[in-house]
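Below, each chain spelled out in residue letters.
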Amino acid sequence: MNMRELVKQLAERMQTLNHLLPILPEEELYIRFECETETAVVAISKHRISPAVEVDERRVLTVRGSKEVLESLLNGRLKLQQQIRLRELHISGSFRHMLLLESLLHLAKPYRYVC
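These remarks concern the structure in this document. (Residues numbered from 1 in each chain as written. Predicted model: local features only at pLDDT ≥ 70, side-chain atom pairs only at ≥ 80, totals over all residues. Heavy atoms only, no water.)

**A few points about helix H4 (residues 95-107)**
- The terminal C-alpha atoms of H4 lie 18 Å apart, and with 13 residues this matches the ideal 18 Å at 1.5 Å per residue to within 8%.
- Listed as buried for H4 are His-97, Met-98, Leu-100, Leu-101, Leu-104 and Leu-105. One side of H4 holds all its buried residues, which, seen down the axis, span an arc of 160 degrees. Turned more than 90 degrees away from the buried face of H4 sit Phe-95 and Arg-96, all of them exposed. (Helix = DSSP H or I, 4+ residues; strand = E, 2+ residues; numbered from the N terminus. Expected span 1.5 Å × (residues − 1). Buried < 20%, exposed > 50% of the residue type's maximum accessible area, 1.4 Å probe, protein only. Arc of directions from axis to C-beta.)

Spelled out as structure tokens, the structure:
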């Protein structure tokens, strides 16, 4: 699956979760996911959660890593802090935005059904 599809799935999942609304920022935050071959951006705010094309560079959090690592992050298999400690991901942006992303990813994890 490519990065844009993964980011689109994350945005769609987050749009349906009303419990995320209190922690979403008023102004848009852009989260850019970069791997070796692709880049995908999602805009997050109380008013909109969607893949983005245009970005305000002052409000960007960039997450860089391999496609496999980013896929495991977006699918909820590994935590952001775990991957940072293992040096599999590099984050650039404010610490506050990184903590917000970590919270959002944790709260928007896809459900796993056990049979």
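**Structural notes on empty space enclosed by the protein**
- Per the counting criterion, the structure on display carries one cavity of 30 Å³ or more.
- Space inside the largest cavity adds up to approximately 30 Å³.
- In terms of lining residues, the largest cavity is bounded by Leu-10, Met-14, Ile-31, Phe-33, Val-42, Ile-44, Leu-101, Leu-104 and Leu-105.
- For the lining of the largest cavity, the secondary structure elements donating two or more residues are helix H1 (3-15), strand S1 (29-34), strand S2 (39-44) and H4.
- Residue contributions to the lining of the largest cavity peak at three residues, all from H4.
- Of the residues contributing to the lining of the largest cavity, the split by class is nine nonpolar, no polar and no charged. (1 Å grid on protein atoms, 1.4 Å probe; cavity = no way out; pocket = protein on both sides within 12 Å on 5 of 7 lines; lining within 4 Å. Points joined across faces, edges and corners; volume = space filled by probe spheres on them. Nonpolar A, V, L, I, M, F, W, Y, C, P; charged D, E, K, R; others polar.)

**Re the nonpolar core**
- Phe-33 and Val-63 are the most contacted members of the largest nonpolar core, which has 32 residues in total.
- Contributing elements (two or more residues each) for this core: H1, S1, S2, strand S4 (60-65), helix H2 (67-74), strand S5 (89-92) and H4.
- The element best represented in this core is H1, accounting for six residues.
- What Phe-33 contacts, discounting residues up to four positions off in sequence, is Met-3, Val-7, Glu-38, Thr-39, Ala-40, Val-42, Val-63, Leu-70, Leu-73, Leu-74 and Leu-101.
- Formed by five residues, the second largest nonpolar core is a distinct cluster that contains Tyr-30, Ala-43, Ala-52 and Val-60. (Core = buried A, V, L, I, M, F, W, Y, C linked by side-chain atoms within 4.5 Å. Contact = heavy atoms within 4.5 Å.)

**Here we look at the side chain of Ser-50**
- Relative to the elements of secondary structure, Ser-50 occurs in strand S3 (residues 49-51).
- Here the side chain of Ser-50 touches Arg-48 through a polar contact of 3.2 Å, side chain to side chain.
- If we ignore the near neighbours within four places in the chain, the residues touching Ser-50 are Ala-11, Gln-15, Val-41, Val-42 and Ala-43. (Polar contact = N/O pair within 3.5 Å; in protein donor to acceptor, adjacent residues only side chain to side chain.)

**Some remarks on the pairing of S5**
- Side chains of S5 alternate between two faces, with Leu-89 and Ile-91 buried and His-90 and Ser-92 left unburied.
- Sheet topology places S4 next to S5; four bridges connect them, and they run antiparallel. Residue pairing in the sheet places Thr-62 in a bridge with Ser-92 of S5. (Pairing = 2+ DSSP bridges.)

**So, the sheet that holds S4**
- In space, the five strands of this open sheet follow the order S3-S2-S1-S4-S5, with mixed pairing throughout. This sheet does not close on itself; its edge strands, each paired only once, are S3 and S5. On average, each strand axis in the sheet is tilted by 15 degrees relative to the strand beside it, whichever way the strands run.
- When S1 meets S2, the two strands line up antiparallel, connected through six bridges. Following the sheet pairing, Glu-34 is matched in S2 by Thr-39. (Axes fitted to C-alpha atoms, helices over the stretch in contact; angles between N-to-C directions.)

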